[in-house]
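Next come the chains, spelled out residue by residue.
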Amino acid sequence: QVQLVESGGGLVQPGGSLRLSCAASGSIFSINAMGWYRQAPGNQRELVAAITSGGSTNYADSVKGRFTISRDNAKNTVYLQMNSLKPEDTAVYYCHAISVVKHNDWGQGTQVTVSS
């Protein structure tokens, strides 16, 4: 199993920026890919961005050009840099890891609120 701890959420004005961090521990050698999902009230959880162990990235259309996912393998940490934030980006953001045997692990979530 992999333990995931997120940080970096908060309140920001429209057009502002935030950086989320997700530190992984435990069976990190088994991780195939990591990513960020989000869930707004009344909505299903959706993929925001993902990055594979090889460095390939994938983004939701709604965040392309504004969000950037990256990873620091030495720190076992994945980041989500969020720029040009919009009110519709408001949600709880969850870190996710999937292992080579398709086991899913989730963080506890961090709230991001975009509001003036």
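Everything here concerns the structure above.
The structure contained in this document is the topic of the report that follows. Per chain, residues are indexed from 1 in the order of the written sequence. Residue-level local features of this predicted model are given only where pLDDT is at least 70; pairs of side-chain atoms are given and counted only at 80 or more, and the full residue set underlies all totals for whole chains, interfaces and linings. Hydrogen atoms and water are omitted, and side-chain values are computed over all heavy atoms in the structure.

A separate point is the environment of Leu47. Only DSSP runs of H or I with at least four residues qualify as helices, and only runs of E with at least two residues qualify as strands; both kinds are numbered from the N terminus onward. For Leu47, the position within the fold is in strand S5 (residues 46–52). Leu47 sits in the partly exposed class, given a relative accessible area of 26%. Distance from Leu47 to Tyr59, taken between C-alpha atoms, is 7.7 Å for residues 12 residues apart in sequence. Every residue pair with non-hydrogen atoms within 4.5 Å of one another is taken to be in contact. Other than its neighbours up to four places away in sequence, Leu47 contacts Trp36, Tyr37, Asn58 and Ala60. Burial status follows relative accessibility: with a 1.4 Å probe on protein chains alone, a residue under 20% of its type maximum counts as buried, one over 50% as exposed, and anything between as partly exposed.

Here we come to the state of the cysteines. Criterion for a disulfide: a pair of cysteine sulfur atoms within 2.5 Å. This structure, assessed with the given rule, holds 1 disulfide. Through a disulfide, Cys22 is tied to Cys95; the S-S separation comes to 2.0 Å. When the S-S torsion is -85°, as for the bridge of Cys22 with Cys95, the disulfide is left-handed. You can see Cys22 sitting in strand S3 (residues 18–26) and its partner Cys95 sitting in strand S9 (residues 91–99), a full 73 residues away along the chain. Across the pair, exposure class does not vary: Cys22 and Cys95 are buried alike.

To qualify as a nonpolar core, a set must consist of buried Ala, Val, Leu, Ile, Met, Phe, Trp, Tyr and Cys residues joined through side-chain atoms within 4.5 Å. Of all hydrophobic cores here, the largest spans 29 residues; its most connected members are Met34, Trp36, Leu80, Met82 and Tyr93. Of all the secondary-structure elements, those providing two or more residues to this core are strand S1 (2–7), S3, strand S4 (31–39), S5, strand S7 (67–72), strand S8 (77–82), S9 and strand S11 (110–114). Once residues within four sequence positions are removed from consideration, Met34 is found in contact with Leu4, Cys22, Ala24, Ala50, Ile51, Ile69, Val78, Cys95, His96 and Ala97.

Take Lys86: it is sitting in the loop between S8 and S9. When near neighbours in sequence (up to four residues on either side) are disregarded, Lys86 contacts Arg66 and Val114.

With that settled, the discussion passes to the packing of aromatic side chains. Two rings belonging to Phe, Tyr or Trp (six-membered ring only in the last case) form a pair when the distance between their centres is within 6.5 Å. Interplanar angles under 30 degrees mark stacking, angles over 60 mark edge-to-face geometry, and anything in between is tilted. Scanning the model with the defined rule gives 1 aromatic pair in all. Plain terms: the ring middles of Tyr37 and Trp106 are 5.0 Å apart, the flat faces sit at 70° to each other, and that makes the pair edge-to-face. Remark: Trp106 occurs in strand S10 (residues 104–106) and Tyr37 occurs in strand S4; sequence separation between them is 69 residues. For Trp106, a relative accessible area of 37% translates into the label partly exposed. For a lysine, the NZ atom is tested; for an arginine, the CZ atom; a charge sits over a ring if that atom is within 6 Å of the ring centre and within 35 degrees of the ring normal. The ring centre of Tyr94 lies 3.7 Å from the NZ or CZ of Arg45, which sits over that ring. The ring of Trp106 is capped by Arg45, whose NZ or CZ atom sits 4.6 Å from the centre of that ring.

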